Amino acid sequence: MTDVLRVEHLGRVLPLAVPVTLLTDVSLAFQPASFTVITGPSGSGKSSLLYLLGLLDVPTTGEVFVDGTPTSALDDAARTRLRLAVFGFVFQFHFLLPEFTVLDNVMLPMRQLGRLTRPQMKDRAMELLAQLDMADQANKRPDALSGGQRQRTAVARALANDPPVVLADEPTGALDTKNAAAVFAILAGLAQQGRTVIAVTHDEGLAGTSPRRVHLVDGRVVRDAALG
Ligand SMILES: Nc1ncnc2c1ncn2[C@@H]1O[C@H](COP(=O)(O)OP(=O)(O)OP(=O)(O)O)[C@@H](O)[C@H]1O
Ligand SMILES: [Mg+2]
């Protein structure tokens, strides 16, 4: 089976006056229907790795393969198209647009990809919101929601284009314990439905619920363990 996402010997150095090494020689492969957590101390490179995995950043050395195809030679437009089709992102702070309704926020990635008609976009967005128990909030603006509701909206937005891969950076970092567990359970459920889910977390309790844990220290993978 081809890995949905694979990185080989990934390195990222920021070319500053004094160069900053973010990642060194990271090789990882991710299969469909898998849930992986990435852990590590603050500054160990977790966010940097997620940006590279999601084609939001370009490695200095090494290669990111999507469905077995190398991505380093893509121009910006092709990279953006691939990113929109393959990845959904959830961040610690939801980054919902405050002047848009919940529904419009969820429709936004569909409008960017431009594959559906407007009624199709609306139907799909409402379906996703219903799955996340958010249908009755569709016409509210983000500032009228609770933290958990905002993050569930962000998950719905991440799923807008039905991406095979969902990347989440501290998705529960701004939530209380109960909402954090709920959002993590939603992410685990997405993996059970067939998606590749990769989530950065600081939370040891939540990390322990995942079947696989990749641990970074100083920009290197020091442990890649199946838990069970
Ligand atoms: N633009 C930048 N300039 C200088 N150093 C940077 C820059 N961006 C990142 N770094 C450094 O790169 C390292 C890795 O950062 P990264 O954000 O990936 O870590 P992280 O594991 O996500 O940390 P956290 O748990 O705090 O979110 C850190 O030491 C950080 O200070
Ligand atoms: Mg980070």
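It should be noted that the structure appears before, not after, this text.
Q: I'm lost on the nonpolar core in this one. Help?
A: Soluble, globular proteins show a tendency: their nonpolar side chains are buried together. Of all hydrophobic cores here, the largest spans 60 residues; its most connected members are Leu 53, Val 106, Val 155, Val 166, Leu 167 and Leu 187. The element contributing the most residues to this core is helix α6 (residues 177-192), with seven residues. Contact partners of Leu 53, with chain neighbours within four places excluded, come to Leu 5, Val 7, Val 64, Leu 167 and Ile 198.

Q: Where do I start with the packing of helix α3 (residues 102-113) against helix α4 (residues 118-131) in this structure?
A: A pair of packed helices can be characterised by two numbers: the angle between their axes and the separation between those axes. It is the contact of α3 with α4, at a shortest axis distance of 9 Å, that shows an interaxial angle of 120°. By the angle between their directions, the pair α3 and α4 is classed as oblique. The way α3 lies across α4 gives a crossing that is right-handed. Residues Val 102, Leu 103, Val 106, Met 107, Met 110 and Arg 111 of α3 form the contact with α4, whose own contacting residues are Met 121, Lys 122, Arg 124, Ala 125, Leu 128 and Leu 129. A class-by-class count of the residues in the contact of α3 with α4 yields nine nonpolar, no polar and three charged.

Q: Just to check I follow, could you spell out the packing of helix α5 (residues 147-158) against α6 for this structure?
A: In the contact formed by α5 and α6, the axes pass within 10 Å of each other and the chain directions differ by 15°. With respect to α6, the axis of α5 lies roughly parallel. α6 is crossed by α5, and the crossing has right-handed handedness. Between α5 and α6, the residues in contact are Gly 147, Gly 148, Gln 151, Arg 152 and Val 155 and Asn 179, Ala 182, Val 183 and Ile 186, respectively. Looking at side-chain class alone, the contact of α5 with α6 contains four nonpolar, four polar and one charged residues.

Q: Is there a simple way to think about unusual backbone geometry in this case?
A: Most peptide bonds are trans, and most residues other than glycine sit at a negative phi. With a phi close to 50°, His 9 is a non-glycine residue in the positive phi region. With respect to the helices and strands, His 9 occurs in strand β1 (residues 5-14). The phi dihedral of Asp 133 is positive, around 60°, even though this residue is not glycine. Mapped onto the elements, Asp 133 comes out in the loop between α4 and α5.

Q: I tried to follow the site of ligand 1 on my own but got confused; where do I start?
A: Looking at ligand 1, the residues that line it are Leu 14, Val 20, Leu 22, Gly 40, Ser 42, Gly 43, Ser 44, Gly 45, Lys 46, Ser 47 and Ser 48. The set of elements that each furnish at least two residues to the shell around ligand 1 consists of β2 (20-30) and α1 (46-53). The element best represented in the shell around ligand 1 is α1, accounting for three residues.

Calculation rules
Residues numbered from 1 in each chain as written. Chains lettered and ligands numbered in written order. Predicted model: local features only at pLDDT ≥ 70, side-chain atom pairs only at ≥ 80, totals over all residues. Core = buried A, V, L, I, M, F, W, Y, C linked by C-beta atoms within 7 Å. Buried ≥ 20, exposed ≤ 12 C-beta atoms within 10 Å, placed from the backbone. Helix = DSSP H or I, 4+ residues; strand = E, 2+ residues; numbered from the N terminus. Contact = placed C-beta atoms within 7 Å. Axes fitted to C-alpha atoms, helices over the stretch in contact; angles between N-to-C directions. Parallel < 35°, antiparallel > 145°, perpendicular 65-115°, else oblique. Left-handed = near helix turned anticlockwise from the far one by under 90°. Nonpolar A, V, L, I, M, F, W, Y, C, P; charged D, E, K, R; others polar. Near = placed C-beta within 6 Å.

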